[in-house]
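Results of the structural survey
The primary structure of each chain is shown beneath.
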Amino acid sequence: MSRYCVIGAGAAGVSALQQLREAGYEVECFEKTDRVGGHWHTDYDALHLITSRDMTHFEGFPMPADYPHFPRKDQVRAYIESYARHHGHYELINFNTPVLSVTPVPAGDGPVGSAGWRVVTSRGDEGVFDGVLVANGHLWSAKVPAVAAGFTGVQLHSSEYKNVADLHGERVLVVGAGNSGCDLAVDVAQHRLEVDVVMHKGIHFQPKTYFGVPRAEVPFLADFSPDEQDLISRLLARVSIGEAKNYPGMPIPESRTLAGGATTVNDLMLYWVHHGRIGIKPGIERIEGTTVHFADGTSKEYDNILWATGFDVSLPFLDDDQINWRSGVPVRYAGGILPEGAEKLYFIGLIAPRGPQIPIYGVQTKLVARMIGLHDQAGPRGLALSNYFATVQEPELRIDIVRAIWNDQMADTSRLISALEAVPAAGVAA
C-alpha cells in the first residue's frame with residue numbers, strides 16, 4: 001500500500017491526515033510539539049476569529065452551536081482538538097517528533113521526487129514515503145525588520161506577545177495594521193495605555209458584521225459576482241465606518257477595490273482612533289534608543305514596540321535547492337499545492353485565500369488525493385505532474401490571495417486533473 005507523510009498537526013495537518021485516511025491511504029503524521037492545534041496554542045490572548053463560526057469549520061464537523069459568531073482563541077483551539085480526538089488522530093500522530101530532513105530518493109533520469117522521499121525525524125530514519133504533505137504552517141517564523149536593532153526598550157513580535165502584562169511603561173508603538181496589528185493596538189488601548197500604530201500605506205477596513213450578521217453570511221451578497229460583492233462591501237463600509245479621510249493621520253488606500261490591496265477586518269481600532277486612544281503614524285525612518293523617527297520628520301519616545309510585521313515562509317527540513325524559490329517563497333502551482341521543481345511533494349495551507357482558512361485544507365487535500373491516484377495509475381515512477389502544471393498555469397508567489405482568484409485556480413486544477421484521469425499519463429509521464 002502507498003505510504004504518505006504529513007508534516008504538522010495544526011488545523012492543516014489534521015485535515016490532511018483525515019482526508020488521506022478517508023481516501024484509503026496509509027498515513028504517518030509528525031508533529032514537533034506535544035499537542036494538536038499549532039499556533040492557536042501560542043497566539044495573543046485577545047485573538048478571536050475574524051471569520052464566522054458557521055463558515056470556519058472542517059467538512060462535516062461544524063463548530064459547536066453555542067460558540068459565539070466569532071470564537072475566542074481557546075474555543076478555536078478546543079474545536080481543532082475535538083476534531084482530531086473525534087477521528088482518533090491522537091493515536092496516529094507522532095508527537096514531540098520534529099522532521100529534520102525530507103530528501104528525494106534518487107530517481108535516475110526521472111524528476112526530483114518521482115521515486116519518493118526519505119524522511120528523517122528527531123528519532124531517526126522513518127524510511128521512504130511515496131509522497132509528503134507539508135502542513136507546517138506559515139505563521140511561526142517571525143519577520144522583524146532590521147530597523148528594530150536600534151530600539152533599546154521592550155520589543156516583541158506579535159507571535160511573542162500575550163497581553164499587556166508583557167509591556168513595561170505606558171507608551172506603545174505597534175508596527176503594522178493588518179489583522180494582528182489592529183488586534184494588538186486595540187488590546188493595548190482597552191487597557192488605557194498610550195498606543196500608536198504605524199501605517200506606511202493605506203488599508204481598506206471592513207467591519208466584521210453588516211446588519212448584525214457576519215459579513216460573509218449576509219444572504220443577498222451571495223447573489224452577486226465577486227467584483228459586485230467588492231463594490232457592495234465598500235459601500236456598506238463607507239456607510240457604517242466611513243473612509244480613511246475620517247480618521248486623523250490615516251493614509252488613503254492606493255487601490256480603489258478591496259481585492260486590489262490590503263484589507264483588514266477590524267472596526268474596533270477605528271473606534272479607538274476616534275476616541276483618542278490610538279494614534280496613526282507614518283513609516284519608520286530610524287530608531288535611536290527609545291526614540292522612533294518617522295518618515296514625516298517627527299519623532300516620539302516609546303517604552304515598547306510590538307512588531308506586527310508578518311512571517312517568513314520556513315521549510316527547515318527541505319534543502320533550498322530541492323524546490324524553486326522566488327521572493328522568499330516557494331514557487332507553486334495548482335492553487336498553491338504543487339512546488340515548482342519537485343514531484344510527490346504537496347503543500348497544504350501554504351496559501352491564505354481571504355476568508356475562512358480551515359475549510360481550504362480539506363479542499364486542497366482532496367485534490368492531492370486525486371493527484372496521488374494519477375501517480376498510482378502511472379506506476380512506480382508516477383507522473384511529472386509538477387512539471388506539467390508549470391507549463392499550463394501561471395506561477396503563484398502569493399500567500400495572501402483574493403479568494404475568488406484562488407477559487408478559479410482550484411477549479412482550473414480540478415479541470416486539468418479530470419482531463420488526466422480521463423486519459424491517464426497522456427503527455428506527463430515522468
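Summary of the structure given here. Keep in mind that this is a model prediction, so the values were computed, not measured.

Tallying secondary structure elements over the protein gives eight helices and 28 strands in all. For a compact globule of 430 residues, the expected C-alpha radius of gyration is about 22 Å, and the protein comes in at 23 Å, within 12% of that figure. With the C-alpha coordinates of the protein rotated into their principal frame, the extents come out at 65 × 50 × 40 Å. Residue burial in the protein is summarised as follows: out of 430 residues, 50% are buried.

A few words now on the sheet that holds strand β11 (residues 194-198). Sheet architecture is open: five strands sit in the order β9-β20-β10-β11-β16, paired in parallel fashion. The open sheet is flanked by β9 (154-157) and β16 (278-281), the only strands paired with a single partner. Each strand of the sheet is rotated relative to its neighbour by a mean of 20 degrees, with strand direction disregarded. As paired strands, β11 and β16 are joined by four bridges and run parallel to one another. By the bridge assignment for β16, V197 is matched with I280.

Right, let's get into a nonpolar patch on the surface. Among the surface-exposed residues, F211, F220 and F224 lie close enough to one another that they form a single nonpolar patch of about 310 Å² accessible area. Within the secondary structure, F211 sits in the loop between β13 (209-210) and β14 (213-214). Overall, F211 belongs to the exposed group, its relative accessible area being 63%.

It is worth spelling out the layout of surface pockets at this point. Estimates place the volume of the second largest pocket at around 350 Å³. Elements that contribute at least two residues to the lining of the second largest pocket include exactly β12 (204-206) and α4 (226-240). Here the residues of the lining of the second largest pocket sort into eleven nonpolar, four polar and five charged.

To continue, consider the packing of helix α1 (residues 11-22) against helix α2 (residues 73-86). Where α1 contacts α2, the axes come no closer than 10 Å and their chain directions differ by 20 degrees. Comparing their axes, α2 and α1 come out roughly parallel. Along this stretch, α1 crosses α2, giving a crossing that reads as left-handed. Judged by residue contacts, A11, V14, S15 and Q18 of α1 engage I80, Y83 and A84 from α2. Taken together, the residues of the contact of α1 with α2 sort by class into five nonpolar, two polar and no charged.

Before going further, it helps to spend a moment on α1. Between its first and last C-alpha atoms α1 spans 17 Å; for twelve residues at 1.5 Å apiece the expected length is 16 Å, and the two agree. With respect to burial, α1 is a largely interior element, ten of its twelve residues being buried. Here α1 has its buried residues at A11, A12, G13, V14, S15, A16, L17, Q18, Q19 and L20. Each element contacted by the buried residues of α1 is listed here: β1 (3-7), β2 (26-30), α2, β3 (93-94), β7 (131-134) and α6 (358-378).

The next point concerns the environment of D320. When you line up the elements, D320 lands in the loop between β21 (311-312) and β22 (325-326). Judged by its relative accessible area of 59%, D320 falls in the exposed class. Taking the C-alpha atoms as reference points, D320 and P248, 72 residues apart in sequence, are found 45 Å from one another.

This part is about empty space enclosed by the protein. This structure, assessed with the given rule, holds one cavity of 30 Å³ or more. As a volume, the largest cavity reaches approximately 30 Å³. V134, A135, N136, G137, L315, I348, G349 and L350 together form the lining of the largest cavity. Of the residues contributing to the lining of the largest cavity, the split by class is five nonpolar, three polar and no charged.

The next subject is the state of the cysteines. The final tally for this structure, using the stated rule, is zero disulfides. Unpaired in terms of disulfides, C5 finds its nearest cysteine sulfur in C29, a separation of 7.7 Å.

Attention now goes to the pairing of β1. Here β1 lies mainly inside the structure; five of its five residues are buried. What you see with β1 is no split at all: R3, C5 and I7 on one side and Y4 and V6 on the other are buried throughout. Where β1 and β2 come together, five bridges link them in parallel fashion. Each residue of the ladder has a partner; that of I7, found in β2, is F30. Crossover connection from β1 via α1 to parallel β2: handedness right-handed. Where β1 and β7 come together, four bridges link them in parallel fashion. For V6, the partnering residue across the bridge sits in β7 and is L133.

Rules and cut-offs
Residues numbered from 1 in each chain as written. Predicted model: local features only at pLDDT ≥ 70, side-chain atom pairs only at ≥ 80, totals over all residues. Heavy atoms only, no water. Helix = DSSP H or I, 4+ residues; strand = E, 2+ residues; numbered from the N terminus. Rg over C-alpha atoms; globule rule 2.2 N^0.38 Å. Buried < 20%, exposed > 50% of the residue type's maximum accessible area, 1.4 Å probe, protein only. Pairing = 2+ DSSP bridges. Axes fitted to C-alpha atoms, helices over the stretch in contact; angles between N-to-C directions. Patch = residues over 30% accessible without salt bridge, like charges linked within 9 Å, V, L, I, M, F, W, Y side chains within 5 Å. Areas by Shrake-Rupley, 256 points an atom, 1.4 Å probe, with all protein chains shown as cover. Salt bridge = Lys/Arg side-chain N within 4 Å of Asp/Glu carboxyl O. 1 Å grid on protein atoms, 1.4 Å probe; cavity = no way out; pocket = protein on both sides within 12 Å on 5 of 7 lines; lining within 4 Å. Points joined across faces, edges and corners; volume = space filled by probe spheres on them. Nonpolar A, V, L, I, M, F, W, Y, C, P; charged D, E, K, R; others polar. Parallel < 35°, antiparallel > 145°, perpendicular 65-115°, else oblique. Left-handed = near helix turned anticlockwise from the far one by under 90°. Contact = heavy atoms within 4.5 Å. Expected span 1.5 Å × (residues − 1). Disulfide = S-S within 2.5 Å. Right-handed = clockwise from strand over helix to strand, strands pointing away.

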